[in-house]
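What the coordinates show
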Amino acid sequence: MSEQKHTEGSVQTTGHAWDGDLQEFNNPLPRWWVWAFYATVIFAIVYWIIYPSWPMGGSYLKGVMNTITYENDKGEEVTTHWNTRALLAYDMKNSDAAVRQSEYLEKVTNASYSQIAQDPEMMAFTRSYAKGLFGDNCAACHQQGGVGVIGKYPNLVDDSWLYGGTYVNIEQSIQNGRRGNMPNFESLSDKQKDDLSEYVLSLSGHEVNRNKAQSGAKVFQANCVACHGADAEGNTAIGAANLTDRIWTVADVPGASNLEAKKVAIKQVINNGISRHMPAWSGRLSGDEIKLLTVYVHSLGGGQ
Amino acid sequence: MFKHETVETNAGWLIILTLLAIGVGGLVEIVPLYMIDETVEKVEGVRPYTPLEQRGRDIYIREGCYTCHSQMIRPFRDEMMRYGHYSLAAESQYDHPFQWGSKRTGPDLARLGGKYSNEWHVQHLVAPRSVVPESIMPNYPWLLEDKLDISDISDRMKALKLVGVPYSETKAEFDANVEKFGKDVAEMLDINKATENLIAQAQSGNYDGNKSDITEMDALVAYLQVLGTMVDYSKYDEEYFVNFR
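Residues numbered from 1 in each chain as written. Chains lettered and ligands numbered in written order. Predicted model: local features only at pLDDT ≥ 70, side-chain atom pairs only at ≥ 80, totals over all residues. Heavy atoms only, no water.

Okay, the packing of aromatic side chains next. The final tally for this structure, using the stated rule, is 22 aromatic pairs over all chains. Centre to centre, the rings of Tyr 140 of chain B and Trp 142 of chain B are 5.5 Å apart; their planes meet at 70°, and the pair counts as edge-to-face. In this structure Tyr 140 of chain B comes out as buried when scored by relative accessible area, which is 12%. The partly exposed category is assigned to Trp 142 of chain B, whose relative accessible area is 33%. Clustering of aromatic rings is evident, with ring pairs tying together Tyr 233, Tyr 236, Tyr 240, Phe 241 and Phe 244 of chain B. Here the basic side chain of Lys 291 of chain A rests over the ring of Tyr 113 of chain A, its NZ or CZ set 5.7 Å away from the ring centre. (Phe/Tyr/Trp six-rings, centres within 6.5 Å; stacked < 30°, edge-to-face > 60°. Buried < 20%, exposed > 50% of the residue type's maximum accessible area, 1.4 Å probe, protein only. Lys NZ or Arg CZ within 6 Å of the ring centre and 35° of its normal.)

Next comes the structure, spelled out in C-alpha cells:
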C-alpha cells in the first residue's frame, strides 16, 4: 500500500485505502498548534521549578524563588516554600481584605456593646459582617432575618425573649447554647387540661369561659407556677415562656382560627411537653464573631 | 526524524514507549503513597466510626448524599470563614471510601457535626423546605419510618477491618486500640460488642426523638453529628499543619 503514498497530488495520505478509494490524509499539524504545544511544555517545566512538584525519594521538589511569609498563631513571622496552607495562613491575617477587616474588628473588639450601638460606622460594619455569619450559621433554624419557626425555633425579632434579650443574655445563648425543656403533663385529667388551656388563653386577653378559666387557674397554681411564675410572666433564667403576652413560641395560637383550635394547640403542648436544643457556638465561632452576632441579633428588633 | 509512523508500525517501539508513558504516570501516582505517613497530619482524636455512625454513613452513601454534598473544606479564606477549619487528610483516614467530592449542589458537610440540633436534622431530612425555604433537597421521610437493619453490623465492620480500619476482634487488637484511642473508644470499636454498642448509642442518643425504635434516622443523624468534630483545633498552631505541606 505504501506505493500509493505520494499519488494524490501534493497532499500526503497515510497509505491506507478502504472501500477502494477512501483514504486518510496525513497532513502535518498546524504550525500554530505545534508551537502552542511546545509552549505548554515549557510552561510546565517553569511551573515545576517554581511550584512544589515532583516526588523525590522521601520528599518532593518544593519550588525555588517562591516563598510565603505568614504570621503563625504566636504572631511570629514564618517563611516557607509555596503551599496552599501557608497561603491561606497569609490570607487569613495579612491579605489586603483581612488587614482592612481587622481594623474594624479591632475597633469592635475593644468597644463595649453600648459604644458599638451608638457608633454608626461600627454598626454598619457589624450588620454587614454578622449578616453573613447569621446566614451561614443561624438562619437554618431561626430563618433569614430571624423570624423563626413557630413551635420549633424562637423568633428573634419580636420583644419576647425566653432567655432574656440583653446583650449579655444573647451572648450567653450563643456561646453556650440552650436546652429548653418543659415536661409533659399527660397525667392531668382531660377536664383539667381543658380548664388549664382556657386559663392560659385568658392570660393573654382571649375571651374565654370564666368558670372554666377559674378552675384552670387552680391547676395552673398547682402545676405550672414553678417555672412560669405565679404571674405567668415566665422566667428567663430557665427559659420559661411568658404566657401573658400575645407572642407564642411553641403553641401556634396565632395561627389557629377559632378558640377551639387555639385550645387544641395549647393542650398539645401540655400533653407532650417540649424539648428544644440550641447548640453551643463557642467552639465553632470566635469571640469576635459571637460579639458581632450578639449585636446583630440585638439589633434585629427586640433587644433590651 | 523520528516519526509517529515509526511507532505505529513497529510493535516493539510501541510496547517500549507505552510502558515508559505508563511508568511515569505510575511513579507520580504510586511514589507519594510511600510517603503518606508524612502527608497525614498527626492529630489527636480521629477515630473510626462507632457501629451506629458507620451504619449512618452507609445510609448516607445509599441515599446518594455525596452527589450533592462534599465533605472537604478547601484551604481558602472564604471556605474557612463559612465552614470552619479546612479538612485534614487525617480526618478521613478511616473513611472507605472517603466522601471528599467536588460537587456542591448543597453546602459542604465536613464540619456539620454539632452545628444544628438533632431535632433540626430530623425536621430537615423529612421536609427540608420547612426549615430552609429556598432548599432544593429532596424529602427523605422514610428514614424516620424504616427500622435500621442491624443484623449485619459485625460483617460490615469486618469488611472495613480488611481494608485497614482498626476495629478489633481479638484481645490483642482490643488492647492495641485501648493504647491508641483510650478505653471508651476501644470498647466502641470492638466487633464482638457491635450490636449492643449500636443499640446503646441509639437509645442514649435518641437522635430521631423516638425512643421506642432504632430507625435509619437515628443512624444518619448520629453520623452527621460526628462529622468534623473529632479534632480539637484549639490545641494546634496553624504552623503545625502548614509543616505537613
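On we go from here.
This part is about the nonpolar core. Val 43, Leu 52, Trp 120, Leu 125, Tyr 167, Leu 220 and Leu 224 of chain B are the most contacted members of the largest nonpolar core, which has 59 residues in total. Of all elements in the fold, only helix H5 (120-142) of chain A together with helix H4 (51-62), helix H5 (77-83), helix H6 (118-126), helix H8 (153-162), helix H11 (194-205) and helix H12 (216-224) of chain B reach the threshold of two or more residues within this core. A per-element tally of this core places H12 of chain B first, with seven residues. Tyr 167 of chain B has contacts with Pro 48, Tyr 49, Gln 54, Met 157, Leu 160, Lys 161, Glu 173, Asn 177, Leu 189 and Ile 191 of chain B, leaving out every residue within four places of it along the chain. Leu 133, Ile 290, Leu 292 and Val 295 of chain A belong to the second-largest nonpolar core, a separate cluster that totals 27 residues. (Core = buried A, V, L, I, M, F, W, Y, C linked by side-chain atoms within 4.5 Å. Helix = DSSP H or I, 4+ residues; strand = E, 2+ residues; numbered from the N terminus. Contact = heavy atoms within 4.5 Å.)

Okay, the packing of helix H6 (residues 167-176) of chain A against helix H11 (residues 287-299) of chain A next. Residue and element names in this part refer to chain A. Put simply, H6 and H11 touch, their axes get as near as 9 Å, and they point 125° apart. Judged on the interaxial angle alone, H11 and H6 are oblique. Considering how the two elements wind past one another, H6 and H11 form a crossing that is right-handed. Residue-level inspection shows Tyr 167, Ile 170, Glu 171, Ile 174 and Gln 175 of H6 in contact with H11, the latter providing Ile 290, Leu 293, Thr 294, Val 295, Val 297 and His 298. In terms of residue class, the contact of H6 with H11 is built from seven nonpolar, three polar and one charged. (Axes fitted to C-alpha atoms, helices over the stretch in contact; angles between N-to-C directions. Parallel < 35°, antiparallel > 145°, perpendicular 65-115°, else oblique. Left-handed = near helix turned anticlockwise from the far one by under 90°. Nonpolar A, V, L, I, M, F, W, Y, C, P; charged D, E, K, R; others polar.)

Residue and element names in this part refer to chain A. For strand E5 (residues 67-71) and strand E6 (residues 77-81), the ladder comprises five bridges, and the chain directions are antiparallel. Within E6, the position partnered with Glu 71 by the bridge is Glu 77. With antiparallel pairing between neighbouring strands as the criterion, E5 and E6 make up a hairpin whose turn holds five residues, including Gly 75 at a positive phi of roughly 90°. (Pairing = 2+ DSSP bridges.)

With domains assigned, chain B is organised as domain 1 (4-35) and domain 2 (51-242). Taken over C-alpha atoms, the centre of domain 1 of chain B sits 41 Å from the centre of domain 2 of chain B. (Domains from an automatic or database assignment.)

Before going further, it helps to spend a moment on the pairing of strand E2 (residues 22-25) of chain A. All names here are of chain A. The pairing of strand E1 (residues 13-18) with E2 spans three bridges and is antiparallel. Bridge pairing links Ala 17 to Gln 23 in E2. From the end of E1 to the start of E2, which pair antiparallel, there are three residues, and Asp 19 there has a positive phi angle of about 50°.

Glancing now at the side chain of Asn 118 of chain B. Assignment of secondary structure puts Asn 118 of chain B in helix H6. Judged by its relative accessible area of 17%, Asn 118 of chain B falls in the buried class.

Once that is clear, we can look at the domain arrangement of chain A. How big an interface is tends to be reported as the loss of accessible area on association of its parts. All names here are of chain A. As far as domains go, chain A holds domain 1 (105-177 + 279-300) and domain 2 (181-277). Centre-to-centre, using C-alpha coordinates, domain 1 lies 29 Å away from domain 2. Counting residues at the interface gives 13 residues for domain 1, matched by 17 residues for domain 2. Summed over both partners, the interface of domain 1 with domain 2 comes to about 1100 Å²; 59% of that surface belongs to carbon and sulfur atoms. At the boundary of domain 1 and domain 2, one finds zero salt bridges. Applying the counting criterion to the domain 1 and domain 2 interface returns two residue pairs in polar contact (both at pLDDT 80 or more). Broken down by class, the residue content of the side of domain 1 that touches domain 2 amounts to seven nonpolar, three polar and three charged. (Buried area = accessible area lost by both parts, 1.4 Å probe. Salt bridge = Lys/Arg side-chain N within 4 Å of Asp/Glu carboxyl O. Polar contact = N/O pair within 3.5 Å; in protein donor to acceptor, adjacent residues only side chain to side chain.)

Moving on, we get to the pattern of salt bridges. Summed over the entire model, instances satisfying the criterion amount to 28 salt bridges over all chains. Measuring nitrogen to oxygen at the nearest pair gives 2.9 Å for the salt bridge that ties Lys 212 of chain A to Asp 194 of chain A. In this pair, Lys 212 of chain A is assigned in helix H8 (residues 210-223) and Asp 194 of chain A in helix H7 (residues 190-203), connecting sequence segments 18 residues apart. Relative accessible area serves as the criterion here: at 28%, Lys 212 of chain A is assigned to the partly exposed category. Where Lys 171 of chain B meets Asp 175 of chain B, a salt bridge forms, and the shortest distance between an N and an O atom there is 3.0 Å.

Per-chain confidence: chain B averages 92 in pLDDT, with 98% of residues scoring 70 or above. Taken together, the chains of this predicted complex give a pTM of 0.87 and an interface ipTM of 0.84. (pLDDT = per-residue confidence, 0-100.)

What follows deals with the environment of Ser 173 of chain A. All names here are of chain A. Tracing the backbone shows Ser 173 in helix H6. Residue Ser 173 is classed as buried on the basis of its relative accessible area of 12%. Residues Ser 173 and Ser 59 lie 114 residues apart in sequence; the distance between their C-alpha atoms is 48 Å. Not counting the four nearest positions on each side in its chain, Ser 173 is found in contact with Tyr 163, Arg 178 and Met 278. For Ser 173, the side chain forms a polar contact with the side chain of Arg 178, separated by 2.8 Å.

All names here are of chain A. When the terminal C-alpha atoms of helix H10 (residues 259-272) are compared, their 20 Å separation across 14 residues agrees well with the 20 Å that a helix rising 1.5 Å per residue should span. Those residues of H10 lying buried are Lys 262, Lys 263, Ala 265, Ile 266, Val 269 and Ile 270. Looking straight down H10, one finds that the buried residues subtend no more than 160° of arc, so they occupy a single side. Among the structural elements, strand E7 (178-182), H7 and H8 are those in contact with the buried residues of H10. The opening residue of H10, the one whose side-chain oxygen lies 3.1 Å from the backbone nitrogen of Glu 260, is Asn 258. (Expected span 1.5 Å × (residues − 1). Arc of directions from axis to C-beta.)

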